[in-house]
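# Topology and contacts: notes
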Amino acid sequence: RVIDGEVAIIPLASNESQDSMIILNQTATRIWEMVNGKNSTEEIIKKILLEYEVAPKEAKTEVEKIIAYLLRKKLIMPS
């Protein structure tokens with residue numbers, strides 16, 4: 001569910017606690033939307049640089065960190 005530009009995810013898998021809601025802030029939500037099999041990590045970084053006031057190194061670090069988190073939580077699949 002998207003609320004004010006942020007995503008709230010409630011895991012449905014039996015091995016996840018129903019109490020462990022995942023909240024993605026606006027930037028993480030935007031990155032999650034772009035991880036769709038059509039954008040490379042570099043393309044996502046470039047888009048984040050255009051959409052947000054952030055230094056290139058910080059954008060790269062944050063995008064990679066958020067993608068790793070999404071993979072770990074199985075919210076995206078590796079390509």
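Coordinates for the structure precede this section.
This write-up is about the structure you can find in this document.

Calculation criteria
Residues numbered from 1 in each chain as written. Predicted model: local features only at pLDDT ≥ 70, side-chain atom pairs only at ≥ 80, totals over all residues. Heavy atoms only, no water. Patch = residues over 30% accessible without salt bridge, like charges linked within 9 Å, V, L, I, M, F, W, Y side chains within 5 Å. Areas by Shrake-Rupley, 256 points an atom, 1.4 Å probe, with all protein chains shown as cover. Salt bridge = Lys/Arg side-chain N within 4 Å of Asp/Glu carboxyl O. Helix = DSSP H or I, 4+ residues; strand = E, 2+ residues; numbered from the N terminus. Buried < 20%, exposed > 50% of the residue type's maximum accessible area, 1.4 Å probe, protein only. Pairing = 2+ DSSP bridges. Axes fitted to C-alpha atoms, helices over the stretch in contact; angles between N-to-C directions. Parallel < 35°, antiparallel > 145°, perpendicular 65-115°, else oblique. Contact = heavy atoms within 4.5 Å. Nonpolar A, V, L, I, M, F, W, Y, C, P; charged D, E, K, R; others polar. Polar contact = N/O pair within 3.5 Å; in protein donor to acceptor, adjacent residues only side chain to side chain.

## Here's the deal with a nonpolar patch on the surface
A cluster of nonpolar side chains, contributed by Ile10, Leu12, Met21 and Ile23, occupies part of the molecular surface with about 440 Å² of accessible area. The residue Met21 is located in the loop between β2 (6–9) and β3 (22–24) in this model. Judged by relative accessible area, Met21 falls into the partly exposed class, the value being 46%.

## Details of the sheet that holds β2
Taken together, three strands build an open sheet; the order of strands is β1-β2-β3 and the sheet is antiparallel. Strands with a single pairing partner mark the edges of an open sheet, and in this sheet they are β1 (2–3) and β3. The sheet contact formed by β2 and β3 spans three bridges and is antiparallel. Across the sheet, residue Ala8 finds its bridge partner in β3, namely Ile23.

## Brief notes about the packing of helix α1 (residues 26–34) against helix α3 (residues 56–72)
It is at 10 Å that the axes of α1 and α3 come closest, and there the two elements cross at 70°. Our classification of the angle between α1 and α3 gives roughly perpendicular. Taken together, the residues of α3 that come into contact with α1 (itself represented by Ala28, Ile31 and Trp32) are Val63, Ile66, Ile67 and Leu70. Residue composition of the contact of α1 with α3, by class: seven nonpolar, no polar and no charged.

## A closer look at α1
Among the residues of α1, Ala28, Thr29, Ile31 and Met34 are the ones counted as buried. Those residues of α1 hidden inside the fold are in contact with β2, β3, α2 (41–51) and α3. For α1, the capping residue at the N-terminal end is Asn25, with a side-chain oxygen 3.1 Å from the backbone nitrogen of Thr27.

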